[in-house]
Amino acid sequence: MRVVIAEDLALLRDGLIRLLGAFGFEVVEAVDNGPSLLRALTTHRPDVAVVDVRLPPTFTDEGLKAALEARREIPGLPLLVLSQHVEQLYARELLSDSRGGIGYLLKDRVSDVKVFVEAVRRVADGGTALDPDVVAQLLTRHAREEPLQRLTPREREVLGLMAEGRSNAAIAGKLFVTEKAISKHTNSIFGKLGLPQSEDDNRRVLAVLAYLGA
Amino acid sequence: METPTEDQVSERQRVVELLAQYARRVYTSFLRGVVQIVLAFTVNLPLFILAVLSLVFIPLGVGVVLTPVVFQAIRTIANQQRVWAAEWSGVQIAVPYRPEPPGGLGPFARLRWLLADPASWRDLLWTFVSIPVALVLGILAGGLAVYGLEGVLVAPWFALFGTFGWGPFWMLDDYGLLGLVGPIVLGAGMVAASVPLGPVFLKALALFGRSLLAPTRGALTERVQRLTETRSETVDASAAELRRIERDLHDGAQARLVALSMNIGLAEEMMKHDPETARQLLAEARAASGTALTELRDLVRGIHPPVLAERGLDGAVRALALTLPLPVDVHVDLPGRPDAPVESAAYFAVAEMLANVVKHSGARRAWLQIEHSDGRLLMIIGDDGTGGADPARGSGMRGIERRLAAFDGTMAVTSPPGGPTVVTMELPCALSSPKISPSSETG
């Protein structure tokens, strides 16, 4: 799998290259600023890009902007965006074209290597990987609303993991229950929230995120 | 070595340039003098009469509406004179007006604000007194050269025909050689004198303007006292803030990093004979690093939210609104970004206000409007909650007032029992071009 990395801190950039290399990714280019990122993405057209939000030269959201621009040129280009802080505003912008292939994680998540690599793979496959912090904010924001109040605590937990972009199998693994049990929960959640059922994991995630207003 | 001819040519050029420069200077003084005289009669005089009339008509009601308009117009021309005094003569005249109270002013409140300001009355005095002063000094600044030119170019002809007087030659009956040569010599002298004297008369006019248009000592004392107060409050607040940050770092992230490196060191030792414990220690270390990072992130957010650095006030308040548990309509209309300290103060004021809405108001909706006009950043926050907010009671609101006061900003709260609550905050500031200012932090 071919990856482009954009990160301006050399220490972190080398770490990411080493980490992804160790898990069988081929890092085709690692850049350290916004303009080079846009060029690298449009020339290499990688299977997935791992991008830091804040990059030189402006040290604002240069990385995010370049990545989103590349995605406008190459629709559906899988992007995994990393940042020291997560903002719903950015999550919303990333998810706005509802095509999937979007990840948005705190940099801290890199430390859980297995989960991180799984997220990179999921995004490359057109899935979603949303940071638990973003999901938690979304859920708190809607906590007062009627339909969410009708969910059981377990269902709310499952909804959160689903919003992060995890498949039933992954949720089952995380909660130490069978996939069938999760399937029952998700059916119940979709029924209570009035969302259309879908077998496709990805479409399901996007429906949940749209419902939560991400 | 230069040849004499080249020398002469360059000398002639130099003289021509110098003369052209003098001519420009004379012409400028002339124009400025004329502008001052014309303004005195076509603007100052009518405005003074209008001001007196509208004051007289206040009891009839018309004056209530008219007076603020006229006084505002007087402020506009007075401000123009302040600008010219600085540009033409290097005389700095500070603007003495009291800041407009925040919030939309009713006609009576507006009238009171204008008439209570001593600067308004000094302005009015200036509009009248400046008329004769501008006439005399304007004629001296502009007319000296004109009269001198007339002496050189026109008067001798009349002398030849014996029918006209000029300068000191009015009294002479016989316009002989003296009447012919005298005006030329004297006129040339006047033109030459007008080169240095024109700016002097204009400066005299500017100094006269300063005597009435500049802040009085009392106003300055008042201002100094206010600045001293807000400065000491700001210094206290920022010192307390630094202490809090130090404590948070010391007890939080720093302590966690110590524990973390201890765990890693232990794990290193254990690796050989007890790999299972080593693995456990490493897992603990990772968890501790996660907690430390979260604490650092919260701390950074409290110092300067990263999204503010990345997106400016507009993006930052939108991002903030998205995290609140109630819907907030956000309207931001800013053509550029304020200076970083002002931007930060504005953001934290808005954030604190919105936090108040969430905590105390019981509102179902809120709205936020931010715009920039007349050199002020205007932030209005409203909600449909229960009202009864009192800035004197809440320490949060006091904190915001202090934050804003450091930048000469103000805050006004209207919150009748039963709501709705509307908070208006104003910060005087300029906006930079829409370009984003670079920062050295990384994310």
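A quick note: this is a predicted structure, and the numbers were derived from the prediction, not measured.

**Some words on the overall build of chain A**
What chain A contains, in helices and strands, is 11 helices and 6 strands. Taking all 214 residues of chain A together, 46% fall into the buried category. Restricting the contact set of chain A to residue pairs at least 6 apart, pairs at least 24 apart contribute 62%.

**Topic: the overall build of chain B**
When its secondary structure is counted, chain B shows 11 helices and 5 strands. Going through the 443 residues of chain B one by one, you find that 29% of them count as buried. Taking as baseline every contact in chain B between residues at least 6 positions apart, the subset at least 24 positions apart corresponds to 71%.

**A few points about the interface of chain A and chain B**
The partner chain B presents 23 residues to the 22 residues of chain A that form the contact. Of all elements in the fold, only helix H4 (88-95) and helix H6 (132-142) of chain A reach the threshold of two or more residues within the side of chain A that touches chain B. Among the elements that take part in the side of chain A that touches chain B, H6(A) stands out by supplying 3 residues, more than any other. Tallied by class, residues from the side of chain A that touches chain B come to 5 nonpolar, 9 polar and 8 charged.

**Details of the sheet that holds strand S4 (residues 79-83) of chain A**
All names here are of chain A. Ordered by their spatial adjacency, 6 strands build an open sheet running S2-S1-S3-S4-S5-S6, and the pairing between neighbours is parallel. Whereas interior strands pair on both sides, the edge strands pair on one side only; in this sheet they are strand S2 (26-31) and strand S6 (128-130). On average, adjacent strands in this sheet sit at an angle of 20° to one another, irrespective of strand direction. Its contacts with the sheet place helix H1 (residues 10-22) against strand S1 (2-6), S2 and strand S3 (48-52), and it is angled at close to 170° to S2.

**Brief notes about the environment of B:Gly396**
Residues and elements named next belong to chain B. Following the sequence through the fold, Gly396 ends up in helix H11 (residues 395-405). Remark: the alpha-carbon pair of Gly396 and Ala349, spanning 47 residues in sequence, is separated by 9.5 Å. With residues up to four places along the chain from it excluded, the contact list for Gly396 reads Glu352 and Asn356.

**Overview of the confidence of the model for chain B**
Caution applies to low-pLDDT parts of the model: their predicted coordinates are not meant to be read in detail. Residue and element names in this part refer to chain B. Averaged over every residue, the pLDDT of chain B is 86; residues scoring 70 or more account for 91%. Of all helices and strands in chain B, the one with the weakest mean pLDDT is helix H5 (residues 155-161) (73), whereas strand S1 (residues 328-333) scores best (94). For this predicted complex, the interface confidence reaches an ipTM of 0.88, while the overall pTM sits at 0.68.

**Some remarks on the sheet that holds S1(B)**
Residues and elements named next belong to chain B. Spatial strand order, S1-S2-S3-S5-S4: 5 strands in an open sheet with mixed pairing. Only two strands of the sheet have a single partner each, and these edge strands are S1 and strand S4 (410-414). Each strand of the sheet is rotated relative to its neighbour by a mean of 10°, with strand direction disregarded. Where S1 meets strand S2 (residues 366-373), 6 bridges bridge the pair, whose relative direction is parallel. Directly across from Asp329, in S2, lies its bridge partner Trp367. Packing against the sheet, helix H9 (residues 306-323) makes contact with S1 and S2, and its axis sits at approximately 180° to S1.

**Brief notes about the pairing of S4(A)**
All names here are of chain A. Within S4, 5 of the 5 residues are buried, leaving the element largely enclosed by the surrounding structure. Going residue by residue along S4, you find Leu79, Val81 and Ser83 tucked away on one face and Leu80 and Leu82 tucked away on the opposite face as well. The pairing of S3 with S4 spans 4 bridges and is parallel. Within S4, the residue paired with Asp52 across the bridge is Leu82. The parallel pair S3 and S4, bridged by helix H3 (residues 62-73), forms a crossover whose chirality is right-handed. As paired strands, S4 and strand S5 (residues 102-106) are joined by 5 bridges and run parallel to one another. Note that in S5 the partner of Leu80 across the bridge is Gly103. Read from S4 through H4 to S5, the crossover connection turns out right-handed.

**A short note on the packing of helix H2 (residues 62-89) of chain B against helix H6 (residues 177-213) of chain B**
Residue and element names in this part refer to chain B. Here H2 crosses H6 at 140°, and the two axes come no closer than 10 Å. For the element pair H2 / H6, the angle class is oblique. Where H2 crosses over H6, the two elements pack in a sense that is left-handed. Contact residues: Ala78, Gln81, Arg82, Ala85, Trp88 and Ser89 in H2; Pro199, Leu202, Lys203, Ala206, Gly209, Arg210 and Leu213 in H6. Tallied by class, residues from the contact of H2 with H6 come to 7 nonpolar, 3 polar and 3 charged.

**Some points on the packing of helix H4 (residues 118-153) of chain B against H6(B)**
Residues and elements named next belong to chain B. Across the interface, H4 lies against H6 with an axial gap of 6 Å and an inter-helix angle of 170°. Accordingly, the angle class assigned to the pair H4 and H6 is roughly antiparallel. Viewed along their axes, H4 and H6 form a crossing whose handedness is left-handed. Here the residues of the contact of H4 with H6 are counted per class, giving 27 nonpolar, 5 polar and 2 charged.

**Concerning H4(B)**
With 36 residues, H4(B) ought to run about 52 Å at 1.5 Å a step, and its terminal C-alpha atoms sit 50 Å apart, in line with that. In the structure, H4(B) departs most strongly from a straight axis at B:Gly143, where the bend amounts to approximately 45°.

**With respect to the pairing of S2(A)**
Residues and elements named next belong to chain A. Sheet analysis places S1 next to S2, joined by 5 bridges and oriented parallel. Within S2, the position partnered with Val4 by the bridge is Glu29. For the crossover from S1 across H1 to S2, the handedness is right-handed.

**Observations concerning the environment of B:Ala340**
All names here are of chain B. Turning to its location among the elements, Ala340 is positioned in helix H10 (residues 340-361). Note on Ala340: 15 C-beta atoms within 10 Å, which makes it partly exposed. Counting along the chain gives 31 residues from Ala340 to Ala309, while the straight-line C-alpha distance between them is 8.6 Å.

Reading the values: the criteria
- Residues numbered from 1 in each chain as written.
- Chains lettered and ligands numbered in written order.
- Predicted model: local features only at pLDDT ≥ 70, side-chain atom pairs only at ≥ 80, totals over all residues.
- Helix = DSSP H or I, 4+ residues; strand = E, 2+ residues; numbered from the N terminus.
- Buried ≥ 20, exposed ≤ 12 C-beta atoms within 10 Å, placed from the backbone.
- Contact = placed C-beta atoms within 7 Å.
- Nonpolar A, V, L, I, M, F, W, Y, C, P; charged D, E, K, R; others polar.
- Pairing = 2+ DSSP bridges.
- Axes fitted to C-alpha atoms, helices over the stretch in contact; angles between N-to-C directions.
- pLDDT = per-residue confidence, 0-100.
- Right-handed = clockwise from strand over helix to strand, strands pointing away.
- Parallel < 35°, antiparallel > 145°, perpendicular 65-115°, else oblique.
- Left-handed = near helix turned anticlockwise from the far one by under 90°.
- Expected span 1.5 Å × (residues − 1).
- Bend = angle between axes of the 7 residues up to and from the residue.

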